[in-house]
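What follows is each chain in one-letter form.
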Amino acid sequence: MRAAEKRKTVKTLARRARAGADPPARVIDLILYHLLHLHMPSAAAERSYARLKCKYVDWNELRVSSDLEIRRSVAVAPDAGDLVRRIKTLLNRIQSERSQLSLEFLSDLNKGDARRYLRSLGLLSPATIDLVLRQRKRADVVPIDEHSERVLARTGLVPRRVSKTGIQKLLRRLVPEDRVLHFHRAVLDIAQRLCVRDEEAVKCPACPLREVCAFGRSRCRAAQRNGRRRGVAKRA
């Protein structure tokens, strides 16, 4: 992908997510909000988060609720059971360590110590940790998870065989500072809804990046060729 196409791709992604809600300010809220986005498309994650906030007085009430009850609020997730167990385990761990469900103390730590504490919880993806550090510690990072890496590699925005550090360097050059969260949200949403792991289930025709995506263009050309062959076979 050429530099001009990369800039166009970044702008397209950032534009798509502009209308989304701002992420929550409190650290635990932000973590749970992001966990939902890692397990389902953006619109479904926003609705699930709103249902959880409406249904439970606070996260402690959710922590002591039954798995089945919580699953009703996140049922759209294909792995809803695992997601609920992960959320409850995380909340129980924080409650056990801190005697309260609050991580606001992270604001008083330097970036390195804050990152080490979040990693010590053992349940957070690097993308979630980067998001928290970006929001609370102004860390110069672009949150990227494994699903987002798949989209970026298929489009050609980043090389397929490059380290996470290399991806960070590339994206920091490409993505404007005020568009990082929009970019992250849009890439993650495309990964969840359209550019799924199974190549046979990818929905390239519906993707907003199909015109600049190397993988999408090849898939669309192949579909057109197959369509023409079927047309010829029918006429014969």
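About the cut-offs
Counting restarts for each chain: residues are numbered from 1 in the order of the written sequence. Only residues with pLDDT of 70 or above have their local features reported here, since the model is predicted, and side-chain atom pairs are shown and tallied only from 80 upward, although totals for entire chains, interfaces and linings are computed over all residues. Only hydrogens and water are set aside when side-chain values are computed; all heavy atoms of the structure are taken into account. Here a helix means four or more residues in a row that DSSP labels H or I, a strand means two or more in a row labelled E, and each is numbered from the N terminus. In this scheme, a residue with accessible area under 20% of its type's maximum is buried, one over 50% is exposed, and one in between is partly exposed, where area comes from a 1.4 Å probe on protein chains only. Polar contact is defined as a pair of N or O atoms within 3.5 Å, subject to the rule that within protein one atom must be able to donate a hydrogen and the other to accept it, and that residues adjacent in sequence are counted only when both atoms are side-chain atoms. A fitted line through C-alpha atoms serves as each axis, taken over the contacting stretch for helices, and the angle formed by two N-to-C directions is quoted from 0 to 180°. Put simply, a crossing is left-handed when the front helix is turned counterclockwise from the back one by less than a right angle, and right-handed when it is turned clockwise. Working rule for contacts: check all heavy atoms of both residues, and any pair within 4.5 Å makes them a contact. Each residue is assigned to one of three groups, with Ala, Val, Leu, Ile, Met, Phe, Trp, Tyr, Cys and Pro labelled nonpolar, Asp, Glu, Lys and Arg labelled charged, and all others, Gly among them, labelled polar. Confidence of the predictor at the level of single residues is given by pLDDT, which spans 0 to 100. Buried Ala, Val, Leu, Ile, Met, Phe, Trp, Tyr and Cys residues that are joined via side-chain atoms within 4.5 Å together make up what is termed a nonpolar core. Arc definition: directions from the helix axis to the C-beta atoms.

Chemist: How do you make sense of unusual backbone geometry when you look at a structure like this?
Modeler: Keep in mind that most residues, glycine aside, have a negative phi and that most peptide bonds are trans. Phi at serine 99 is positive, roughly 60°, even though this residue is not glycine. Inspection of the secondary structure puts serine 99 in the loop between α6 (80–98) and α7 (111–120). A positive phi angle, near 55°, is found at arginine 138, a position not held by glycine. As for its position among the elements, arginine 138 is in the loop between α8 (126–137) and α9 (146–155). The exposure class of arginine 138 is exposed, given its relative accessible area of 74%.

Chemist: So what exactly am I meant to see when it comes to α9 here?
Modeler: Because each turn of an α-helix spans 3.6 residues, side chains separated by three or four positions end up pointing in the same direction. Of all 10 residues making up α9, eight are buried, and the element is well covered by its neighbours. Where α9 starts, the residue carrying a side-chain oxygen 3.0 Å from the main-chain nitrogen of histidine 147 turns out to be aspartate 145. Residue glycine 156 follows α9 closely and has a positive phi angle near 95°.

Chemist: What exactly am I supposed to notice about the packing of α7 against α8 here?
Modeler: Think of two packed helices as two axes; the pair is described by the angle between the axes and how far apart they sit. Between α7 and α8, the least distance of the axes is 10 Å, while the angle of their chain directions is 145°. Helix-helix and strand crossings are classified by hand; for α7 and α8 the assignment is right-handed. For the pair α7 and α8, contact is made by Lys111, Ala114, Arg115, Leu118 and Arg119 and by Ile129, Asp130, Val132, Leu133 and Lys137, respectively. Looking at the contact of α7 with α8 residue by residue, the class counts come to five nonpolar, no polar and five charged.

Chemist: What is the right way to look at the confidence of the model for the chain in this model?
Modeler: In low-pLDDT regions, the fine details of the predicted coordinates are not to be read closely. Confidence in the prediction of the chain, expressed as mean pLDDT, is 88, and 92% of residues score 70 or more. Confidence scores differ between elements of the chain, with helix α12 (residues 214–235) showing the lowest mean pLDDT of 70 and helix α4 (residues 59–63) the highest of 97.

Chemist: Is there a simple way to think about the side chain of histidine 39 in this case?
Modeler: Structurally, the position occupied by histidine 39 is in helix α2 (residues 27–39). Of the polar contacts made by the side chain of histidine 39, one reaches the side chain of arginine 86; its length is 3.4 Å. Look past the residues within four positions of histidine 39 in its chain and what remains in contact with it is Ala77, Pro78, Asp79, Leu83, Arg86 and Gln192.

Chemist: What's the story with the nonpolar core in this structure? I'm lost.
Modeler: As a rule of thumb, nonpolar side chains are buried together in soluble globular proteins. In this structure, Ile31, Trp59, Leu90, Leu103, Leu106 and Leu118 are the most contacted members of the largest nonpolar core, which totals 42 residues. Breaking this core down by element, the ones donating at least two residues are α2, α3 (42–55), α4, α6, α7 and α8. Among the elements that make up this core, the one with the highest residue count is α2 (eight residues). When near neighbours in sequence (up to four residues on either side) are disregarded, leucine 106 contacts Val27, Ala114, Tyr117, Leu118, Val132 and Lys137. If you look at the next biggest cluster of nonpolar residues, it comprises 23 residues, including Val10, Leu171, Val175 and Val180.

Chemist: Sorry if this is basic, but what is going on with α7 here?
Modeler: Buried within α7 we find Ala114, Tyr117 and Leu118. Within α7, the buried residues cover an arc of 95° as seen down the axis, which keeps them to one side. Those residues of α7 that are exposed and angled more than 90 degrees off the buried face are Arg116 and Arg119. Buried residues in α7 make contact with α2, α6 and α8. The opening residue of α7 is asparagine 110, an N-cap whose side-chain oxygen sits 3.1 Å from the backbone nitrogen of glycine 112. One or two residues past the end of α7 sits glycine 122, with phi positive at roughly 75°.

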